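A structural walkthrough
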Amino acid sequence: MGPVFIAAGFVALAIVYGVYRNLKELYQGQAAEADFKWQAQYGNVVRFKGSFGNDQLMISDPAALQYIFANTGYRFPKPPERRILIKMLNGKGITWAEGDDHKRHRRVMLPGFGAVESRAFLSIFQNCAESMSNKWTEIISNSNEGSVVFNLSVWLSRATLDAIGEAAFDVRFSTTDNNKSAQALARSYNNIMNDVLGSPSDGQVFSLGISKYILYRILEYLTDMVKNPRIVRMREAGITAKSVAKQLVKDKAEMLLRDNGSRDIFSLLVKANMDTDAKAKLTEEELVAQIRTILLAGHETTANTISWGLLELAKQPKMQSRLREEIWETEAAVHARGDVDFTMADFDAMPYTTAVMKEVLRFCCVVYHVYRYASEDDILPLSQPITARSGDIIRELPVPKGTRIIASLAAYNRALISARDKELWGEDAHEFNPERWLNGTAKEKVTSIGVYSNLMTFLGGVRSCIGWRFAVIEIQAFLTEIVGRFEFATSDKTELVRREACMVMAPVVEGEVENGVQLPLRVSLAPRIDVIEALWLREIAIFETARKGKAGDWSGWCLDEVAR
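In short, a report on the structure. (Residues numbered from 1 in each chain as written. Predicted model: local features only at pLDDT ≥ 70, side-chain atom pairs only at ≥ 80, totals over all residues. Heavy atoms only, no water.)

1. Considerations on empty space enclosed by the protein
Scanning the model with the defined rule gives six cavities of 30 Å³ or more in all. By volume, the largest cavity is sized at about 1100 Å³. Surrounding the largest cavity, 44 residues form its lining, Thr 95, Ala 297, Thr 301, Val 367 and Cys 465 being those nearest its centre. Within the lining of the largest cavity, the residues separate by chemical class into 26 nonpolar, 12 polar and six charged. If you go around the second largest cavity, you meet 16 residues; those closest to its centre are Tyr 27, Gln 56, Glu 81, Leu 208 and Arg 404. Elements that contribute at least two residues to the lining of the second largest cavity include exactly helix 1 (3-28), helix 4 (80-90), helix 11 (202-210) and strand 7 (404-408). It is strand 7 that contributes the most residues to the lining of the second largest cavity, three residues altogether. Counted by class, the lining of the second largest cavity contains seven nonpolar, five polar and four charged residues. (1 Å grid on protein atoms, 1.4 Å probe; cavity = no way out; pocket = protein on both sides within 12 Å on 5 of 7 lines; lining within 4 Å. Points joined across faces, edges and corners; volume = space filled by probe spheres on them. Nonpolar A, V, L, I, M, F, W, Y, C, P; charged D, E, K, R; others polar. Helix = DSSP H or I, 4+ residues; strand = E, 2+ residues; numbered from the N terminus.)

Structure below.
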C-alpha cells in the first residue's frame with residue numbers, strides 16, 4: 001500500500017474521530033452538559049458534525065427558536081428517526097403526528113386541556129400529594145432517627161401516575177398504596193426512559209447517528225423485529241400500556257353510551273371526537289395512542305421536575321425555609337376563612353412559591369432537547385449576529401433542506417441575548433435563584449416564544465405542550481403539600497447524583513446507574529410552629545439582620561432561632 005493511501009487513511013480516521021467525538025460528548029455526557037459548554041464557547045448557534053460529517057445545528061437563539069416553533073408552523077418537522085422512537089413509546093398520537101394530521105389531533109384534544117378544565121383538577125392533585133405525604137409521615141414516625149432517606153423519584157413517579165390516572169381518565173390507579181391491578185403499568189413505566197435511552201454505548205451513539213440515512217419503513221421493520229434489549233424493553237412497555245389504554249377506551253365508551261361520562265380529560269376528548277366531522281375524527285388506534293401519550297408524558301416529566309426542584313431546595317435550606325413560611329402563612333389564612341384546601345386564588349397570591357416553581361422549570365428543564373429538520377431551504381433570523389471564521393458578520397443563517405436541528409431548550413433557558421443586556425435571565429443564569437422572578441431580572445416579556453413565562457420548557461407555537469396548564473397546577477399542588485409538611489436535606493449520595501440524558505433529564509447515582517433512576521434525599525417532618533410566632537420571628541429577624549448590616553438574609557437567622 002502506497003504512502004498516499006496510508007496518509008489518506010489516517011486523514012479519514014482523524015475526520016471520523018473528530019466527528020464522533022462531538023456526538024459522544026453530546027449523547028454520553030450529562031443532560032445539556034455539552035449544550036452549556038458549546039454555548040459558552042460559540043454562542044447560541046453552534047454547528048457540529050453528524051456521523052458522516054454532515055452539518056447539524058444546535059440552536060438556543062431566541063429569534064431562531066421563535067421562527068422555528070412559532071412563525072413557520074410545520075416547516076420544521078420531527079426527523080423520521082425520532083418519530084420512530086415516539087411511535088414505539090406512545091403510538092401514533094399527537095406527539096408523533098405532523099402537519100395537517102397534527103392539527104386534527106390537537107383540535108380534538110384541546111377541549112380537555114383548557115384553563116378552566118385544568119384548574120378543576122386541583123383537588124385531585126392535592127389528594128394524590130396528600131396520600132403520598134401520609135405514607136411518608138407514617139414511615140418517618142416509625143423510624144428511630146426521625147428522618148428517612150427516600151428515593152423521591154420512585155415515590156413521585158407513582159404519585160403523579162395516580163394523579164394523571166384520576167384527572168385524565170377518572171381511574172384510581174392507587175400505585176402509592178400498592179394497588180396490584182395497577183402495578184403492571186407502574187412497573188412497565190418504572191425507569192423506562194433510562195432503560196431505553198440512558199448511558200448509550202459508543203455503538204449506540206453511532207447507530208443513532210446513521211439512523212437518519214435509513215428509510216422510515218426499514219426503521220419500522222427493524223424496531224419490530226430486532227432483539228436488542230433496549231428495543232425489547234420499549235416494545236414490552238408499549239404492549240402493557242396499549243392493553244391498559246384499550247381497556248380505558250372500552251370502559252369510557254360504555255360510560256358515555258349510558259350518559260355517565262365525567263369531566264376527566266379523556267371523557268372530554270371522546271365527546272369532542274364524537275362531535276367532530278367524520279373525516280377529522282380520531283380512529284380507535286389514535287385514541288389509544290393519545291392515552292399512552294398522556295400516561296407517559298403526563299407523569300414522567302412532572303415527577304422528574306418536582307424531584308429536581310426538591311434537590312435544589314435541599315441544597316438551599318434558606319430558600320426552602322422561606323418557601324415553607326409562605327405556604328404556612330397562606331395555610332393559616334385558608335383555615336381562618338373556614339376552608340381546608342388551597343384554591344387557585346391562593347396559589348396566585350403566593351409570589352415566592354410561584355417564583356420557585358418558575359425557577360425549577362427554568363433551571364431544571366427536564367425535556368432539554370427537541371429535534372427538528374428543515375423540510376425546505378430556509379433562512380433563520382438571529383437575535384445576535386454571528387462572526388464567521390472568515391470574519392464575516394452573519395445576521396441571518398441560511399439553512400439547507402434536510403439540515404438536522406437540535407433545539408436546546410435547556411440552553412435557551414440560560415441564554416445570552418446581547419453583551420449589553422447580559423443574560424436574558426440575569427448574570428447568574430447558571431445558578432438556581434427564584435429571586436430573579438421577583439426583582440425583574442428574569443425578562444418574561446423580552447421575547448414571546450414559550451407558552452409560560454417566556455420559558456421554552458413547554459415549547460411554543462403549534463407544537464407547544466398541550467398539557468402545560470395541567471402540569472403547572474400539578475407542580476404547584478405537590479410543592480405546596482410536601483414542602484409544607486416536610487424538610488428536605490441532602491444525603492451522603494447527593495453529590496453523586498447525575499443528570500442522566502435519556503430524552504428526559506432523569507436523576508441517577510454515579511456508580512449505581514444500573515440501579516436505575518434514583519434521587520436519595522433525607523426527609524423529616526417539618527417542625528410546625530405557630531404562624532403568629534413565625535411572623536414575630538420574621539420581624540425580629542429582619543430587624544436583627546438589618547442591624548448587623550446583612551439585610552435580606554433574615555431567613556437563615558429565623559431558621560437558627562426556630563431550631564433553638
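2. A look at the state of the cysteines
A complete count under the given rule lists zero disulfides for this structure. Between Cys 365, a cysteine without a disulfide, and Cys 364, which holds the nearest cysteine sulfur, the sulfur-to-sulfur distance is 9.2 Å. On the basis of relative accessible area, Cys 365 is assigned to the buried category, the value being 3%. (Disulfide = S-S within 2.5 Å. Buried < 20%, exposed > 50% of the residue type's maximum accessible area, 1.4 Å probe, protein only.)

3. Here we look at the side chain of Thr 403
Looking at the secondary structure, you find Thr 403 in the loop between strand 6 (393-399) and strand 7. A polar side-chain atom of Thr 403 sits 2.7 Å from the main-chain carbonyl oxygen of Pro 400. Residues contacting Thr 403, with those up to four places away along its chain left out, are Asp 55, Leu 57, Arg 372, Tyr 373 and Ala 374. (Polar contact = N/O pair within 3.5 Å; in protein donor to acceptor, adjacent residues only side chain to side chain. Contact = heavy atoms within 4.5 Å.)

4. A word on the pattern of salt bridges
Pairing between side chains of opposite charge can happen when the charged atoms of each approach one another. Summed over the entire model, instances satisfying the criterion amount to 27 salt bridges. Of the charged contacts in the structure, one is a salt bridge between Lys 24 and Asp 202, with a shortest N-O distance of 2.8 Å. Here Lys 24, found in helix 1, pairs with Asp 202, found in helix 11; they are 178 residues apart in sequence, far enough to count as distant. Judged by its relative accessible area of 38%, Asp 202 falls in the partly exposed class. A salt bridge links Arg 436 to Asp 428; the nearest nitrogen and oxygen atoms lie 2.9 Å apart. Residue Asp 428 is classed as partly exposed on the basis of its relative accessible area, which comes to 21%. Counted as one network, the salt bridges with shared partners bring together Glu 359, Arg 362, Asp 428 and Arg 436. (Salt bridge = Lys/Arg side-chain N within 4 Å of Asp/Glu carboxyl O.)

5. Considering the side chain of Gln 320
Along the chain, Gln 320 turns up in helix 16 (residues 317-336). Looking at Gln 320, its side chain comes within polar contact range of the main-chain nitrogen of Phe 488, at 2.8 Å. The residues touching Gln 320, leaving out its near neighbours within four places in the chain, are Leu 313, Ala 314, Val 483, Phe 486, Glu 487 and Phe 488.

6. Some thoughts on the packing of helix 5 (residues 99-109) against helix 15 (residues 284-315)
For any two helices packed against each other, the geometry comes down to the angle between their axes and how far apart the axes lie. Two elements in contact, helix 5 and helix 15, have axes whose closest approach is 12 Å; the angle formed by their N-to-C orientations is 70 degrees. For the element pair helix 5 / helix 15, the angle class is roughly perpendicular. Residues Asp 101, Arg 104, His 105 and Met 109 of helix 5 pack against Glu 286, Gln 290 and Ile 294 of helix 15. Class assignment for the residues of the contact of helix 5 with helix 15 results in two nonpolar, two polar and three charged. (Axes fitted to C-alpha atoms, helices over the stretch in contact; angles between N-to-C directions. Parallel < 35°, antiparallel > 145°, perpendicular 65-115°, else oblique.)

7. Description of the pairing of strand 2 (residues 55-59)
The buried fraction of strand 2 amounts to four of the five residues, a majority that puts the element mostly inside the structure. Bridge count between strand 1 (residues 45-49) and strand 2: five bridges; the pairing is antiparallel. By the bridge assignment, Arg 47 is partnered in strand 2 with Leu 57. Connecting strand 1 to the next strand, strand 2, in antiparallel fashion are five residues, including Gly 53 with a positive phi near 85 degrees. Sheet topology places strand 2 next to strand 7; four bridges connect them, and they run parallel. Looking across to strand 7, one finds that Met 58 is bridged to Ile 406. (Pairing = 2+ DSSP bridges.)

8. What to know about the sheet that holds strand 13 (residues 520-525)
Pairing is antiparallel in the open sheet, where three strands are placed in the order 3-13-10. The sheet is open, and its two edges are formed by strand 3 (147-151) and strand 10 (486-490), each paired on a single side. The average angle at which neighbouring strand axes cross in this sheet is 35 degrees, direction not considered. Across the sheet, helix 15 is in contact with strand 10 and strand 13; its angle to strand 10 comes to roughly 80 degrees. In the packing of helix 20 (residues 468-485) onto the sheet, the strands contacted are strand 10 and strand 13, and the crossing angle to strand 10 comes to about 85 degrees.

9. So, the environment of Glu 300
You can see Glu 300 is positioned in helix 15. As for Glu 300 and Ile 192, which are separated by 108 residues in sequence, their C-alpha atoms are 9.4 Å apart.

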